[in-house]
Amino acid sequence: MTLALYNTLTRRVEPFQPLAPPRVTLYTCGPTVWNYAHIGNFRTFLFEDLLRRWLEHSAYDVFHMMNLTDVDDRTIKAARQAGKRLTEHTEPFTQAFFEDRDYLRIKPAHVYPRATQSVPLMIALVERLLARGVAYKGEDGSIYFAIGKFPGYGKLSRLDQREIKVGARVTSDEYAKDDPSDFALWKKADAEDEAVGAAWDAPFGRGRPGWHLECSAMSLAEIEPRGVQTLDIHCGGVDLIFPHHENEIAQSEGATGQPFARYWLHGAFLNVKGTKMSKRFGNFLTVRDLKEDGVEPGAFRLLVFQTHYRKELDYADDALAAARDGSRRLGAFRERLLQPGGRPSAVEPEPLVNLARTFRARFSDALNEDLNAPRAVAALFDFVKDGNRLLDGGLRPGAAMLEAWSTADGVLQVAPAPSASAPHDHALDQWVQERLAARDRARKSKDFKAADAIRAELKARGVEIEDTPQGTKWRMV
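Residues numbered from 1 in each chain as written. Predicted model: local features only at pLDDT ≥ 70, side-chain atom pairs only at ≥ 80, totals over all residues. Heavy atoms only, no water.

K.L.:
Help me understand the overall build of the chain in this model?
P.N.:
From N to C terminus, the chain includes 15 helices and 16 strands. Here the C-alpha radius of gyration of the chain, 25 Å, is about what a compact globule of 477 residues would show, namely 23 Å. With the principal axes as the frame, the chain shows a C-alpha extent of 80 × 50 × 45 Å. Counted over contacts in the chain with a minimum sequence separation of 6, partners at least 24 positions apart contribute 75%. Considering the chain, the positive charge centre built from 65 side chains and the negative charge centre built from 66 side chains are found 3 Å apart. (Helix = DSSP H or I, 4+ residues; strand = E, 2+ residues; numbered from the N terminus. Rg over C-alpha atoms; globule rule 2.2 N^0.38 Å. Contact = heavy atoms within 4.5 Å. Lys, Arg positive; Asp, Glu negative; His and termini not counted. Charge placed at Lys NZ, Arg CZ, Asp CG, Glu CD.)

Following this line, the structure appears as structure tokens:
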């Protein structure tokens, strides 16, 4: 079964076909760093992490971009209220986001373009749009996108074309879904912008970029040197479909004449008692809150992945408690598989081989079907239940079981951190050296099956090895 994804643009599940396989260009809308990102934001970032991990597991070469919005209406207002320059206010929240990302085991993007560092790109994009006649200067000195001159406007959000207010203008970054009007690409600088250092000179007037412009400019700047003007996948939360992503399409396609993204994926909200988690509603938790409460990252990842990314997830203490218990059960099974001081079976019993094969097929089928993480998690718990039963009967696991576990753990990351991965663990060091020596002996005797089994054993315990002319090197991952 090949990977199929739900495309918001077409409203159907479609086979995934990147433009230039195996390369996949993946753009994900990052945080606006006016405050700490809350766990509702991180629910979206986790679904994107699952997507990337599964693409990479499926042998795609992923180039992942995530923007950092450090200039927009909210960041400027927050900096002004704090009595700080813009960068002084946003930088601590940017670093906090990176710390929270690492705590939740989210793979870092390959690039994190910052809006404030990309203003020349935005100015150049505005000039392209002006030259193509789809942008104009308003009486207020700002530059607007003329949606009436872009026939495709509304195709992502399925706006009724009769509702589009041709010639009306809106300057706010975030506005009502019933206000599809010409939007600001470049906002004329005002006193508040100047006070916090959020104003730049441009050929069409001193000002600052609109929020929507930023993603278009930064993503195109990353992919155009790679010979394309179309992203394979663009992701974000459902609240970004309109106006943000709709406006991104208009700006990008208005400038290039090419489709902006082939697949649009959107994650649903994380709710608290039925209400979207939001700083606006004051009902939000941060990753720092989870950490202070002793919530292990694997447990929170498990909680998130037990609901499909396109379905709303209601956050509740009892659901988190159940996820913590489930994560601990997975950790206990991992430790049982690894059996500190033990050795994997050289000839793995057929029932275990069959169990591993069945699990990997179910796991792959689930994730290939629009990242159906709940089904993948269910398959994992069945694997653990049946694995425990067979181990109780005296069977010893080998390479197949270890590889099956490594697949699940590498993609989902829902088990607790292995105790063996603690720093300065001399027992682990000794164990790794023993296993590397055994692998070296197996390779010298041309017993490559045994050597591969040892590699799988090491990988299952979080040890990555690399054979070099100077010998085998290892590190924890």
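K.L.:
Would you explain the sheet that holds strand β14 (residues 313–315) in this entry?
P.N.:
Strand pairing in a sheet relies on backbone hydrogen bonds, with the paired strands running either antiparallel or parallel. Ordered by their spatial adjacency, three strands build an open sheet running β13-β12-β14, and the pairing between neighbours is mixed. On the outer flanks of this sheet lie β13 (275–276) and β14, each paired with one strand and no other. By the bridge criterion, two bridges tie strand β12 (residues 270–272) to β13 in an arrangement that is antiparallel. Considered in β13, the bridge of N271 is made with K276. (Pairing = 2+ DSSP bridges.)

K.L.:
Got a minute to help me understand the nonpolar core in this structure?
P.N.:
Nonpolar side chains in soluble globular proteins tend to be buried together. One finds I233 and F300 to be the most contacted residues of the largest nonpolar core, which totals 76 residues. When near neighbours in sequence (up to four residues on either side) are disregarded, I233 contacts L5, F16, V24, T25, L26, Y27, L51, L55, Y263 and L265. Counting residues in each nonpolar core, the second largest holds 52 residues, with I76, I143, Y153 and F204 among its members. (Core = buried A, V, L, I, M, F, W, Y, C linked by side-chain atoms within 4.5 Å. Buried < 20%, exposed > 50% of the residue type's maximum accessible area, 1.4 Å probe, protein only.)

K.L.:
Help me out: how do you make sense of unusual backbone geometry in this one?
P.N.:
Glycine aside, a negative phi is what most residues show, and trans is what most peptide bonds show. In this model, P21 is joined to P22 through a cis peptide bond whose omega is 10°. By the element assignment, P22 lies in the loop between β2 (12–15) and β3 (23–28). Residue P243 is reached from F242 by a cis peptide bond, and omega for that bond is 5°. Along the chain, P243 turns up in helix α7 (residues 241–256). At R158, a residue that is not glycine, the phi angle is positive and equals roughly 60°. By the secondary structure assignment, R158 is in the loop between β6 (143–145) and β7 (165–170). Positive phi, normally seen in glycine, also occurs at D370, with a value near 55°.

K.L.:
Please clarify how the sheet that holds strand β10 (residues 231–237) should be interpreted in this entry.
P.N.:
What the four strands build is an open sheet, ordered β4-β3-β10-β11; its pairing is parallel. Only two strands of the sheet have a single partner each, and these edge strands are β4 (61–66) and β11 (261–267). Pairwise comparison of adjacent strand axes, ignoring direction, gives a mean angle of 20° for this sheet. Running over the sheet, α7 touches β10 and β11 and is turned about 160° from β10. (Axes fitted to C-alpha atoms, helices over the stretch in contact; angles between N-to-C directions.)

K.L.:
What am I meant to see in α7 here?
P.N.:
Since the α-helix advances by 3.6 residues per turn, residues separated by three or four positions end up pointing in the same direction. In terms of burial, α7 is a largely internal element, 16 of the 16 residues being buried. Of the residues trailing α7, G257 is marked for its positive phi of about 75°.

K.L.:
Just checking my understanding: could you explain a negative patch on the surface for this structure?
P.N.:
A cluster of acidic residues, E292, D293, D317 and D318, forms a negative patch on the protein surface. As for its position among the elements, E292 is in helix α8 (residues 287–292). (Patch = residues over 30% accessible without salt bridge, like charges linked within 9 Å, V, L, I, M, F, W, Y side chains within 5 Å. Areas by Shrake-Rupley, 256 points an atom, 1.4 Å probe, with all protein chains shown as cover. Salt bridge = Lys/Arg side-chain N within 4 Å of Asp/Glu carboxyl O.)

K.L.:
What's the story with the environment of P209 in this structure? I'm lost.
P.N.:
Tracing the chain through its elements places P209 in strand β9 (residues 207–209). You can call P209 buried: its relative accessible area is 0%. For the pair P209 and T28, spaced 181 residues apart in the sequence, the C-alpha separation amounts to 19 Å. When residues no more than four places from it in sequence are discounted, the contact partners of P209 are V71, M122, L185, W186, W200 and E214.

K.L.:
Please explain the pattern of salt bridges as it appears in this structure.
P.N.:
Two side chains bearing opposite charge may form a pair once their charged atoms approach each other closely. If you walk through the whole model with that rule in mind, you get 34 salt bridges. For D73, the salt bridge goes to K187, with nearest N and O atoms at 3.0 Å. Taken together, the residues span a long stretch of sequence, with D73 in helix α2 (residues 73–82) and K187 in strand β8 (residues 181–188) at a distance of 114 residues. A salt bridge links D201 to R206; the shortest N-O distance between them is 3.0 Å. The class for D201 is exposed, based on a relative accessible area of 60%. By relative accessible area, which is 35% here, R206 ends up partly exposed. When salt bridges with common partners are traced through the structure, they connect D73, D173, K187, D193 and R208 into a single cluster.

K.L.:
What am I meant to see in the environment of G167 here?
P.N.:
Along the chain, G167 falls in strand β7. Residues G167 and D182, spaced 15 residues apart in sequence, show a C-alpha to C-alpha distance of 6.5 Å. Discounting chain neighbours no more than four positions away, the residues touching G167 are Y136 and D182.

K.L.:
Whenever I open this one, the packing of aromatic side chains confuses me. Can you help?
P.N.:
By convention here, two paired aromatic rings are described through the distance between centres and the angle between planes. Applying the stated rule across the entire model yields 21 aromatic pairs. Between Y136 and Y144, the aromatic rings sit 5.9 Å apart at their centres with planes inclined by 25°, giving stacked as the arrangement. Given a relative accessible area of 23%, Y136 falls into the partly exposed group. Note on Y175 and F242: the rings are 6.0 Å apart at their centroids and 85° apart in plane angle, and the pair reads as edge-to-face. Here the residue Y175 occupies a position in the loop between β7 and β8, and F242 occupies one in helix α7, the gap between them amounting to 67 residues. You can call Y175 buried: its relative accessible area is 11%. Classification of F242 as buried rests on a relative accessible area of 4%. Among the aromatic residues, ring-to-ring pairing joins W54, F333, F359, F363, F383 and W405 into one connected group. Positioned over the ring face of Y144 is R169, at 5.2 Å from the centre of the ring. Of note, R226 hangs over the ring of F63, and the distance from its end group to the ring centre comes to 3.8 Å. (Phe/Tyr/Trp six-rings, centres within 6.5 Å; stacked < 30°, edge-to-face > 60°. Lys NZ or Arg CZ within 6 Å of the ring centre and 35° of its normal.)

That is the geometry; function is a separate question.
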